[in-house]
Amino acid sequence: MPTAGGFSDGEIGFTSSYNKSNLRNTLSFQALPRVFGAFRYAGIGDQERVYYNSSGYTTWDRSFDFRIDLLKESTLLPDFTVGFQDVLGTGIYSSEYL
């Protein structure tokens, strides 16, 4: 789930997760003080229904996410962020959020 706020400037992170029919690898980075980005490479398939190719997944999805912090947290106001998921890719994980 997307959240407001980000990493420290210049910080990079890598995550990998596997759950039966989904494999996700994500490289996340804080590009500028208020700009966050992520590249994702995901394998999607359903082995139980024999709906996959020789790699074990039906689709390999590449995507790019980015978000911009419009308002930083203060004592009276929370973080306010606008973001876009799967901007470049198949659109399987696409979404926009505030």
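## Overview of the confidence of the model for the chain
Phase 1 of the analysis: Within the chain, residue pLDDT values average 81, and 82% of them lie at 70 or more.
Phase 2 of the analysis: The least confident element of the chain is strand 6 (residues 95–97), whose mean pLDDT is 85; the most confident is strand 1 (residues 12–19), at 90.

## Considerations on the side chain of Asp86
Phase 1 of the analysis: Tracing the backbone shows Asp86 in the loop between strand 5 (80–85) and strand 6.
Phase 2 of the analysis: For the buried Asp86, no salt bridge is present, and the opposite-charge side chain at shortest range is Arg40, 5.7 Å distant.
Phase 3 of the analysis: Excluding residues within four positions of it along the chain, Asp86 makes contact with Asp61, Arg62, Ser63, Phe64, Asp65, Gly91, Ile92, Tyr93 and Ser94.

## Here we look at the pattern of salt bridges
Phase 1 of the analysis: Scanning the model with the defined rule gives two salt bridges in all.
Phase 2 of the analysis: Here Asp65 and Arg40 are joined by a salt bridge, their closest N and O atoms 2.6 Å apart. In this pair, Asp65 is assigned in strand 4 (residues 59–71) and Arg40 in strand 3 (residues 35–44), connecting sequence segments 25 residues apart. Assigned by exposure class, Asp65 and Arg40 land together as buried.
Phase 3 of the analysis: With a shortest N-O distance of 3.2 Å, Asp69 and Lys72 are connected by a salt bridge.
Phase 4 of the analysis: By relative accessible area, which is 4% here, Asp69 ends up buried.

## A word on the packing of aromatic side chains
Geometry of an aromatic ring pair is reported as the spacing of the ring centres plus the angle between the planes.
Phase 1 of the analysis: Using the criterion set out here, one finds four aromatic pairs in the structure.
Phase 2 of the analysis: Aromatic pair Phe66 and Phe84: ring centres 5.3 Å apart, planes at 40°, arrangement tilted. Placement of the pair is Phe66 in strand 4 and Phe84 in strand 5, with a sequence separation of 18 residues.
Phase 3 of the analysis: The class for Phe66 is partly exposed, based on a relative accessible area of 25%.
Phase 4 of the analysis: The exposure class assigned to Phe84 is partly exposed, which follows from its relative accessible area of 32%.
Phase 5 of the analysis: Through a chain of ring-to-ring contacts, the aromatic side chains of Phe29, Phe39, Phe64, Phe66 and Phe84 assemble into a single cluster.

## Some points on the sheet that holds strand 6
Phase 1 of the analysis: Reading across the sheet, the six strands line up as 1-2-3-4-5-6 and stay open at both edges, with antiparallel pairing between neighbours. In this open sheet, the two edge strands, each paired with only one partner strand, are strand 1 and strand 6. Taking each pair of neighbouring strands and ignoring which way they run, the sheet shows an average axis angle of 15°.

## Points about the pairing of strand 4
Phase 1 of the analysis: Both strand 3 and strand 4 contribute to a ladder of 10 bridges, which runs antiparallel. Residue pairing across strands places Arg40 opposite Ser63, the latter belonging to strand 4.
Phase 2 of the analysis: With five bridges joining them, strand 4 and strand 5 adopt antiparallel strand pairing. Across the sheet, Phe66 pairs through a bridge with Phe84, a residue of strand 5.

Each value, and the rule that gives it
Residues numbered from 1 in each chain as written. Predicted model: local features only at pLDDT ≥ 70, side-chain atom pairs only at ≥ 80, totals over all residues. Heavy atoms only, no water. pLDDT = per-residue confidence, 0-100. Helix = DSSP H or I, 4+ residues; strand = E, 2+ residues; numbered from the N terminus. Buried < 20%, exposed > 50% of the residue type's maximum accessible area, 1.4 Å probe, protein only. Lys, Arg positive; Asp, Glu negative; His and termini not counted. Salt bridge = Lys/Arg side-chain N within 4 Å of Asp/Glu carboxyl O. Contact = heavy atoms within 4.5 Å. Phe/Tyr/Trp six-rings, centres within 6.5 Å; stacked < 30°, edge-to-face > 60°. Pairing = 2+ DSSP bridges. Axes fitted to C-alpha atoms, helices over the stretch in contact; angles between N-to-C directions.

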